[in-house]
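Structural overview
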Amino acid sequence: MDIEKVGEMPVLSTDRVRVAVRVRPFSQREKSSGSQCVISMHSQSTTIQDPKKREHVKTFTFDLAYWSHDGFQKNEDGVLIPSDPTSKFAGQSDVFRDIGRATLDSAWRGYNATLLAYGQTGSGKSYSMTGFATDKGIIPRVCEELFQAIEKQKEKLEAQVMFSMLEIYNEQIRDLLSRTKAPGGLKVREDQQLGFFVEGLKWVPCENYAQIEKLMEQGSKIRMTASTNMNANSSRSHMLITIQFKQVFLDTAVTKQSSINMVDLAGSERQKSSGSEGDRLREGSRVNLSLTSLGNVISALADSAMGKKVLHVPYRDSVLTKLLQSALGGNSRTTLIAAISPADICYEETLSTLRYAERAKKVQNKAVINTCTLVRASRAENKLLLGFGDAGAAEHSACLLAELQLETRVTWAHLLEQARREWAQQHAALSQEQQMVKTLPHLFNVNEDPQLTGVLKFFLHSGSCDVGQTASNAICLQGLGISDKHASFMNSDGKVTVVPYSNCKVIVNGVPVTNRTKLQHLDRIILGSNSAFLYIGFPSERGAEDLSRFDYDFFQLERAIAEGVSADMLGTVSPRDGQADPSILAVFQDYVKLMPLVVEANQMSEELEKGLKMELKVKNLALSDSRGCDLQKEVMVKVTKQQTREVWIWSKAKFINRKFLMEELYQGFLESKGNQVAQEDDPFWDPVEAVHLGSAHVWLQSLAHCMMLEEQVEFVNCDGLEEAVLHIRITPCSPEGWAHAEDDMVTDPLELLGKRVDFQIHIVRCLGVKWLKEDANRGIQMGYKIYDLPNILYTKPVWNSVNPRIEETVHFAALGASRGFLNYLLTNALIVDLWGLQEGCVHFGFSQLDVLLTGEGHIMVDTKNFSTVKNMSQITSNQVPELYQKLLKLEQETELLRHVNRALKEENVSLKASLERTGSAQQGQKSDNLKGTVMTAQLPTARETKQMCAQQASCDAQLARALKVFYQGMSTARGQLLTLRQCRPPEADEMLRPFVHQQSQMLEDLEDLLESSLRKLKSDVAFIVKKKKEHLLPSQQ
Ligand SMILES: Nc1ncnc2c1ncn2[C@@H]1O[C@H](COP(=O)(O)OP(=O)(O)OP(=O)(O)O)[C@@H](O)[C@H]1O
Ligand SMILES: [Mg+2]
C-alpha cells in the first residue's frame, strides 16, 4: 500500500460522493410470480423501464454499475462467479476491487472513509456489505486486506485498529459488542474536536482479521437477540461498523488517523408501500426518522452543491445523520451503494432508489488528511476511548512529547492486553460451542433476515431441558407468545422429544403439537408466535444437507399449507389446466408472508388486552370490476373487536404500518411503561367506520334496448357467499319520468346513438342482510356509480331491519348517448356496494359537487362529449345554469325537429297512398295492357302498405318482447353464473379437489358458450335490423 508523505498541514481534497448501483438476481418470490427484469446496464449507465408503459424508460449515470442479476454460477467454494467469459456478471470480488480498495486507499492516506448501502428491503444491501457464508462482502474483505497490508508495513509503523459495531433502531443506539443494554440506548454527544460521537460505545482493539470476524459474529448474535427482544424486524435498523485506523510514525511524532464507517442502512421503503400513507396513524414512531433525515440532509447538500442557497443542513434531526455528519458534506471520502431489485413488481421502489442515488452523487465533501501530533491525538483519543465529552487535560508542552509517545504506546499496549484476556475467554467459549455443534443435537435459529439465521444455537444436553422467558429455564428465550415456561425438550436413549407446557404454542413441521413428540433431524420447530428453529439431530443422523433450503419462507409456507391455505384454496389456480396464474400467485405469497405477522399482532392484542381479533382475507377484485371478470385478488385484514363486534377492514399496507406501531407499544409495555396510550395514538384503535360487505352486479343490457329491468340480485361477499339480496328496478323513461312502453324497445342499441336516453334507478329493498341478522343494532347503506359519474351515489342509511325497505329512485339522463356509453350498457354491470354501518360510525353522504344536472334536475351521465365541447372546469359556476338552459333548449328544438320529421314522413306516406289511389282510379279508365301498369301493379297499394306497416309494427313488438324476455333471462343466468364461480367448498378436501376442478371447468365452458351465443344473437339481430331498414327505406320513399 502506498503511504503518502505526511506533512504538518492538513491536505484538503474536495470530492463528490461516489455512487455505485448494483442489481441482484431474482428472488424466489419474484421468480415464481413470473417477474420481468426492468433493469439494464451498459458501462456506467443504468436504465429502468416502466413495466406498465414500456416506452417509459429512464437512464441514470453513476460512477459504477454492477450487473449481478444473471450470467453466474456457484463455484465449489460457494462463491458466485461469471458463468462464462462473456458474462458481464459482477461478483463480490469485483465490487470489492473498486469500492473496497478505494476505501482502504483513503484510509491509508489518512482520510476518513464512509461506505453506505442504501435500498429497499431485500435489495441486497447486506449481501454487498457483509455477504453470506463464503461469498464475503466488502466489510470482511476490507478488514482482511487491511491486516494483510499492516503486516507488510509493520517494520515502518505501528498500526492501531479499533473496531466498533452498533445498531440504530427507533432512534436508540445499541452497542452490538456489549451484552449489557443501556436503558434507552447509548447517547450521542458532541465534541468540538471529534464532532458527534457515541458515548460509552465499546471499542475493541484488534490485531488480526480473525478477531474482527469473531466480533462480527458476536455482533450478529446480539443483534438477533435484540431484534427478538424488541419484537422488531432487523430490516428496520441501521447497522454501523466503524474501524478507527491509526498509523503512528514514531520518528516524526505524527499520527495519521482514519475513521472507516461502513453502514448497512435500514430498508428504504417509501411511505406508500410501508403503509403509513393513507392511514390515520402515520408511522409516527421514530423507526423511519433516521432514514427520512438522511434523505433531507442529502437533498440539502445536493441543492447547495447545485448553487442553491441552503441555510441549514438538518444533521441534528436524527441519530444517524449526526453520526454521518462528516460522511456527508464533511471530512470524508464517501461511497454510496444503491442496491436494487431487477423485478417489475419493485419498479416504483427501484426508481425511488435510483433517484435518491442521483441526488446523493451531487453531494460535495471536503476530505482532509487527518494528521496530528501526539498531543492532539492523545487528547482526542482519550475522549473517544474513555467515552467522555471532555478529557479536561491542560495543553501539553512540546517537551512532554517523548513522555506522551511512551504514554500512548503504553495505553495501546494496555488496551491490547485487556482485549487479549477477553479474547482468551471468548476463544474458550467459542471452541466449546464448536465442539458442541459437532456432538450435540441442537436448535438452530432461522430468521427472516438471512444475515441473522444460524447465529443462535441452543444445545440439547442429555436429560430434560426447559425453554421459556424466565432465567430459570435451561434455554432462556424471549419472543412473542413465549411463556415463562413454554416447552420441555428431552434428550434420552438417543432420541430427542418435545412437549409444550399447557396451552403453549409449539409447531413441528407446520403442525401444532400438544403431546410429547419425537424429533427427527431437520424438523422445523416454531415456538410461540414466530420463533423459528431448525432441529439438528445427533451426528449419526446428519448428512451433507444444504441447510439454506430451510429458510424463513420454507417455514412459513409449510405452516400455511398445514393450516389448509393453498394457492388452490385462494382461487389462484386456473381450473382449466391446474396451473397457478403467476400474477395471482403473488397474492398467495403475500398471504403466507402476512400469516405470521397476523399471529404476532393477535398475540400482542391479547397480551395488551386490546380484545382485537385479526384475520386474513382475500378480497376478490372482481367484485368491483363492472365486467365481472376474475381479474385480481388482494390480501386484506379483517379486524373484529370481540366485545363490541365492531368490524374494520384494513388493507395490507395499513396492517403492516399498524403492526410496527403495535410493536412499539408492546415494547413499552415490556419495559413496564404500561399499555396506556391516548386513543388517537393507539394502533389497536380506529374510529368506527362503515364496512364493505359485498357487491351486487346488475347487468345493464336491457337498458341498451330501452327495456325495463326488475331483478333480485345477490350481494356477494369476499368469501364468494351471499351476504344479502338486492331488489332493484331500472326503468327507461321520458325526460318527464314516464316509463317507456314495451313498444318503445329498440332492437339495435345503435339507434340510440346521439339521442337522449333517460332512465331511473330504483332501489326497492334489501333482503336477508346477514350483517343485520348478526346484530340488530347495525345498519346498512348502498352505493353505486354509473358509467362516468364522478361521484358514488349512496342510499340513505337504514338501521335495525333485516329486510330494509329503501324505495329510492334517481333519474339519470344521457343527453346524447355516445357509442362508449351504449357499449358500456351492453357489456357492463352496475355494481351496487353494500356497506355495513355500526353504532357511532359516520355514514356516507352524497356530494353534488362534480355532478352535472339537466334543466329538470336529473343527473347527467355520459358527459364526456360535451365536456370536450367546452372544458367544464373552465366554466364558472355562474355560467353553468345558463349553459344548461341553452343545452336544454337545443335538446327541445331537436326533439321538435324530430317530431316534425316524423309528421312529414307520415304525411309523405299518406300522400303517396292517395296519389296511388287517384292513379289507379284513372288507370281503371285506361287500357289494361299498358306496360307501365305492370310496373305499378307490382307496387303495393296504399292499403297493402298500411297493412304491411301494421304487420311490421306488430312483428317488431313481438320481437321486442321476445328479446326482452331473453335478455332478462340472460341477466339472471349471468348473475347465477358469477355466484357459482365465486362459490367454493368451505374446505380443501383431497377427494373434492378433482371434482371442484372439473366443475369449475364446466362452468367456465358454460360461460364461454353463453357469451358466444349471446354475441352471435346480438350480431344476428343487428344484421336483421339493418337489412330490414335497407328494405323498408326505398319502399317508404
Ligand atoms: N448480488 C447478489 N447476488 C446474489 N444474491 C443476492 C445478491 N444481492 C442480494 N442477494 C440475495 O437477496 C436476498 C436479500 O438480500 P439482503 O439480505 O442483502 O437484502 P437487504 O437489502 O439487506 O434487505 P434488508 O433491508 O431486509 O436487510 C438474500 O437472500 C441475498 O442472498
Ligand atoms: Mg439487510
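As the structure is a prediction and not an experimental result, all values here were calculated from the model. Residue positions are given per chain, counted from 1 along the sequence in the order it is written. For this description, chains carry letters from A and ligands carry numbers from 1, given in the order in which they are written. Reporting in this predicted model follows two pLDDT cut-offs: at least 70 for local features of residues, and 80 or more for side-chain atom pairs to be given and counted; totals over whole chains, interfaces and linings ignore these cut-offs and use all residues. Think of the side-chain values as coming from all heavy atoms in the structure, minus any hydrogens and water.

1. Considerations on the overall build of the protein chain
Selection criterion: The secondary structure listing takes helices from DSSP runs of H or I that are at least 4 residues long and strands from runs of E that are at least 2 residues long, numbered from the N terminus. Only protein chains enter the accessibility calculation, which uses a 1.4 Å probe; a residue whose area is less than 20% of its type maximum is buried, one above 50% is exposed, and one in between is partly exposed. The contact criterion used is simple: two residues touch if any of their non-hydrogen atoms lie within 4.5 Å. Note on areas: these come from Shrake-Rupley sampling with a 1.4 Å probe, and a residue is covered only by the protein chains present in the view.
The secondary structure content of the protein chain amounts to 22 helices and 45 strands. Residues counted as buried form 50% of the 1037 residues belonging to the protein chain. The contacts of the protein chain with a sequence gap of at least 6 include a subset with a gap of at least 24, amounting to 69%. Within the structure as shown, the protein chain displays about 50100 Å² of accessible surface, and the carbon and sulfur contribution to it stands at 54%.

2. Some thoughts on the packing of aromatic side chains
This is how the line gets drawn: Here is the rule: rings of Phe, Tyr and Trp (six-membered ring for Trp) pair when centre to centre is within 6.5 Å. Planes less than 30 degrees apart are stacked, more than 60 are edge-to-face, and the remainder are tilted. Placement of a positive charge over a ring is assigned whenever Lys NZ or Arg CZ falls within 6 Å of the ring centre and within 35 degrees of the normal to the ring plane.
In this structure the tally under the stated criterion is 15 aromatic pairs. Here Phe821 and Tyr824 contribute two aromatic rings whose centre-to-centre distance is 6.4 Å and whose plane-to-plane angle is 20°, an arrangement assigned as stacked. Placement of the pair is Phe821 and Tyr824 together in helix α17 (residues 819-827), with a separation of three residues, close to one helical turn. A network of ring pairs unites the aromatic residues Phe759, Tyr784 and Phe812 as a single cluster. For Arg236, the ring lying beneath its charged end belongs to Phe660, and the centroid distance is 3.7 Å.

3. Re helix α12 (residues 552-562)
Every buried residue of α12 is accounted for by Tyr552, Phe555, Gln556, Glu558, Arg559 and Ala560. Directly after α12, the chain includes Gly564, whose backbone phi takes a positive value near 90°.

4. Here's the deal with the nonpolar core
As a rule of thumb, soluble globular proteins bury nonpolar side chains together. Applicable threshold: By nonpolar core is meant a set of buried Ala, Val, Leu, Ile, Met, Phe, Trp, Tyr and Cys residues that side-chain atoms within 4.5 Å join together.
Grouped together as the largest cluster of nonpolar side chains are 51 residues, with contacts concentrated most on Ile48, Ile173, Leu294, Leu323, Leu324, Leu328 and Leu336. Considering every element that reaches this core, the biggest residue donor is helix α9 (residues 347-360), with six residues. Ignoring anything within four residues of it in the chain, the contact list for Leu324 reads Thr114, Leu116, Val263 and Leu294. By size, the runner-up hydrophobic cluster in this structure holds 48 residues, among which are Val691, Val757, Leu772 and Leu826.

5. Considerations on the sheet that holds strand β23 (residues 457-459)
The condition that has to hold: The rule for pairing is simple: two strands pair if DSSP sees at least two bridges between them. Helix axes use the C-alpha atoms of the stretch in contact, all axes being lines fitted to C-alpha atoms, and the angles between their N-to-C directions lie in the range 0 to 180 degrees.
Spatially, β23-β22-β32-β31-β28-β29 is the arrangement adopted by the six strands of the open sheet, whose pairing is antiparallel. Each having just a single partner strand, β23 and β29 (511-512) make up the two edges of the open sheet. Bridge count between strand β31 (residues 524-527) and strand β32 (residues 531-536): four bridges; the pairing is antiparallel. Bridge pairing in β32 places Ile525 opposite Phe533. Helix-sheet contacts for α12 involve β22 (442-446), β28 (506-508), β29, β31 and β32, and the interaxial angle to β31 is about 80°.

6. Examining the state of the cysteines
Note the cut-off: Here, the term disulfide refers to a pair of cysteine sulfur atoms separated by no more than 2.5 Å.
Taken as a whole and judged by the stated rule, the model has zero disulfides. Left unpaired, Cys143 is separated from the closest cysteine sulfur, that of Cys206, by 8.3 Å. Relative accessible area serves as the criterion here: at 0%, Cys143 is assigned to the buried category.

7. Describing the pattern of salt bridges
Note the following rule: We count a salt bridge whenever a side-chain nitrogen from Lys or Arg sits within 4 Å of a carboxyl oxygen from Asp or Glu.
Under the criterion given, the structure shown has 33 salt bridges. As a salt-bridge pair, Lys485 and Asp466 come within 3.0 Å of each other at their nearest N and O atoms. Within this pair, whereas Lys485 is found in the loop between β25 (475-476) and β26 (487-492), its partner Asp466 is found in strand β24 (residues 463-468), the two being separated by 19 residues in sequence. Residue Asp466 is classed as buried on the basis of its relative accessible area, which comes to 15%.

8. A word on the pairing of β24
As paired elements, β24 and β26 share five bridges and run antiparallel to each other. Bridged to Gly463 within β26 is Asn491.

9. Description of the packing of helix α2 (residues 92-109) against helix α4 (residues 138-153)
Filter applied, for reference: Each angle receives one of four descriptions, namely roughly parallel if under 35 degrees, roughly antiparallel if over 145, roughly perpendicular if within 65 to 115, and oblique otherwise. When the near helix sits turned anticlockwise from the far one by under a right angle, the crossing is termed left-handed; a clockwise turn instead gives a right-handed crossing. Residues are sorted three ways: Asp, Glu, Lys and Arg are charged, Ala, Val, Leu, Ile, Met, Phe, Trp, Tyr, Cys and Pro are nonpolar, and all the rest, Gly among them, are polar.
Between α2 and α4, whose axes approach to 9 Å, the crossing angle comes to 50°. The pairing of α2 with α4 is recorded here as oblique in orientation. When you trace α2 past α4, the crossing you get is right-handed. The residues of α4 that touch α2, namely those facing Gln92, Ser93, Val95, Phe96, Ile99, Gly100, Arg101, Leu104 and Trp108, are Ile138, Arg141, Val142, Glu145, Leu146, Ala149, Ile150 and Gln153. Partitioning the contact of α2 with α4 into residue classes produces 10 nonpolar, four polar and three charged.

10. As for the sheet that holds β24
Taken in spatial order, the five strands make up an open sheet running β25-β24-β26-β27-β30, and their pairing is mixed. Only two strands of the sheet have a single neighbouring strand rather than two, namely β25 and β30 (517-518).

11. Notes on the site of ligand 1
Basically, it comes down to this: Nearness is judged by heavy atoms alone; a residue qualifies as near a molecule or strand once a single heavy atom is within 4 Å of it. N or O atoms within 3.5 Å of each other form a polar contact, as long as, within protein, one can give a hydrogen and the other can take it, and as long as residues adjacent in sequence are counted only when both atoms are side-chain atoms.
With respect to spatial proximity, 17 residues lie near ligand 1, and among them Gly122, Lys125, Ser126, Tyr127 and Ser235 are the closest. At 2.7 Å, a side-chain N or O of Lys125 approaches an oxygen atom of ligand 1. When isolated, ligand 1 has an accessible area of 620 Å², and the protein chains bury 82% of it. Broken down by element, the shell around ligand 1 gets its largest block of residues, three residues, from helix α3 (residues 125-129). Here the shell around ligand 1 is composed, by residue class, of five nonpolar, nine polar and three charged.

12. Regarding unusual backbone geometry
For Asn800, which is not glycine, the phi torsion reads 55° and is therefore positive. On the secondary structure map, Asn800 appears in the loop between β42 (798-799) and β43 (805-814). Residue class for Asn800 comes out exposed when judged on its relative accessible area of 53%. With phi around 55°, Asp862 is a residue other than glycine that occupies positive phi space. Note on placement: Asp862 falls in the loop between β45 (859-860) and α18 (864-869). The exposure class of Asp862 is buried, given its relative accessible area of 2%.

13. A look at the side chain of Glu723
Test applied: Only four residue types enter the charge count: Lys and Arg as positive, Asp and Glu as negative, with His and the chain ends excluded.
Relative to the elements of secondary structure, Glu723 occurs in strand β38 (residues 722-733). For the buried residue Glu723, which engages in no salt bridge, the nearest side chain bearing the opposite charge is Lys770, 5.2 Å off. Within the structure, the side chain of Glu723 is placed 3.4 Å from the backbone nitrogen of Trp771, a separation counted as a polar contact. Once residues lying within four places of it in the same chain are set aside, the contact partners of Glu723 are Leu693, Phe715, Asn717, Gly768, Val769, Lys770, Trp771 and Leu834.

14. What to know about the confidence of the model for the protein chain
This is how it is decided: On a range of 0 to 100, pLDDT expresses the predictor's confidence in each residue.
Confidence in the prediction of the protein chain, expressed as mean pLDDT, is 81, and 79% of residues score 70 or more. This model gives residues 386-399 a pLDDT under 50, and the stretch forms 18 contacts once residues within four places in sequence are excluded.

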